[in-house]
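# Inside the fold
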Amino acid sequence: MREFAPMRVFTWRREQGHRPGLPFVQSTGRLHGAESREEARFLLALDFAGEVTEVVSQPFRMRFGGAVRERPHTPDYLVRTRTGIWLIDVRPAELIFDTDRESFAAAAELARVCGWEFAVVGEWLPHTMMTLDWLSLRRRPMTDPLRLEATLLAEAAASGRTFGELAARTPFPPVARAHLLHLLWHRRIGLDLRGPLGDGSVIVAEEVSP
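Quick look at the structure, then. (Residues numbered from 1 in each chain as written. Predicted model: local features only at pLDDT ≥ 70, side-chain atom pairs only at ≥ 80, totals over all residues. Heavy atoms only, no water.)

Per the counting criterion, the structure on display carries 3 aromatic pairs. Taking 5.5 Å as the distance between ring centres and 35° as the angle between the ring planes, the aromatic pair formed by Phe42 and Tyr77 counts as tilted. Separated by 35 residues along the polypeptide, Phe42 in helix H1 (residues 37–49) and Tyr77 in strand E6 (residues 77–81) bring together distant segments of the chain. Among the residues examined, Phe42 registers a relative accessible area of 5% and is labelled buried. Under the relative-accessibility criterion, Tyr77 is labelled buried at 0%. A ring pair is formed by Phe60 and Trp116, whose centres lie 6.5 Å apart and whose planes are at 40°; its orientation type is tilted. Pair noted here: Phe60 is in the loop between strand E3 (52–57) and strand E4 (62–65) and Trp116 is in the loop between helix H2 (98–114) and strand E8 (117–121), with a separation of 56 residues, a long-range link. Residue class for Trp116 comes out partly exposed when judged on its relative accessible area of 21%. (Phe/Tyr/Trp six-rings, centres within 6.5 Å; stacked < 30°, edge-to-face > 60°. Helix = DSSP H or I, 4+ residues; strand = E, 2+ residues; numbered from the N terminus. Buried < 20%, exposed > 50% of the residue type's maximum accessible area, 1.4 Å probe, protein only.)

This is the structure in structure tokens:
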């Protein structure tokens, strides 16, 4: 993907109803525009997914024949991953109306013609973003002078270990917890995000894609 400007700029003003921003995405090493907190949360989840190689905010404006008249639509993101390209719209489920469904259907058809995948991100499980927020606190490089990560990875290879048990099996459990979060963010180990992160969360070893 070549570098180009988004279709709309991300502006800030008093009393606006949404909260735009420029979240940092570690997978690309750059800031990416977000028009709302929902879009910022999506970028965080996208970063955690680990397969992302490029993200373009508001990549293009399309026009399509709607039920009443021709209308424009600007998808929120075009995402390139190691396994394919996705066109993404982000909209809270309670704010998706008939006109939005029409726009999404047109975007899905365009994606199909281009050989891409299409998805609408409408909602998350209540605990998911809290978990990702915790993990993202440890996404930056960490030193390991106590050599805890090798122990944690070896222990995680044994099935059935929980987060609390892994930390307790090291000489320095508080420090081990920080390294566990770091390893989880970088997908050296994994957990089931269908439940909240806690001492009882089962941790599994994962293979990192080259």
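Its 13 residues give helix H6 (residues 173–185) an end-to-end C-alpha distance of 18 Å, which sits within 8% of 18 Å, the value for a rise of 1.5 Å per residue. Within the sequence span of H6, burial applies to Ala176, Ala178, His179, Leu180, Leu181, His182, Leu183, Leu184 and Trp185. Looking at the packing, one finds that the buried side of H6 touches H1, helix H3 (128–136), helix H4 (148–156), helix H5 (163–168) and strand E9 (189–190). Backbone geometry just after H6 places Arg187 at a positive phi near 60°. (Expected span 1.5 Å × (residues − 1). Contact = heavy atoms within 4.5 Å.)

Let us now look at the environment of Trp116. Along the backbone, Trp116 and Leu87 are 29 residues apart, and their C-alpha atoms lie at a distance of 6.9 Å. Those residues within four positions of Trp116 in sequence are excluded, and the remaining contacts are Phe60, Leu78, Ile85, Leu87 and Ala111.

The 4 strands are arranged E3-E6-E7-E8 in an open sheet whose pairing can be described as mixed. Of all the strands in the sheet, the pair left with one neighbour each is E3 and E8. Between one strand and the next, the sheet's axes are offset by a mean angle of 25°, whatever the strand orientation. By the bridge criterion, 5 bridges tie strand E7 (residues 84–90) to E8 in an arrangement that is parallel. Each residue of the ladder has a partner; that of Leu87, found in E8, is Phe118. Sheet strands in contact with H2 are E7 and E8, and its direction is about 155° off that of E8. (Pairing = 2+ DSSP bridges. Axes fitted to C-alpha atoms, helices over the stretch in contact; angles between N-to-C directions.)

Interpretation note: all reported values are geometric properties and have no functional meaning in isolation.
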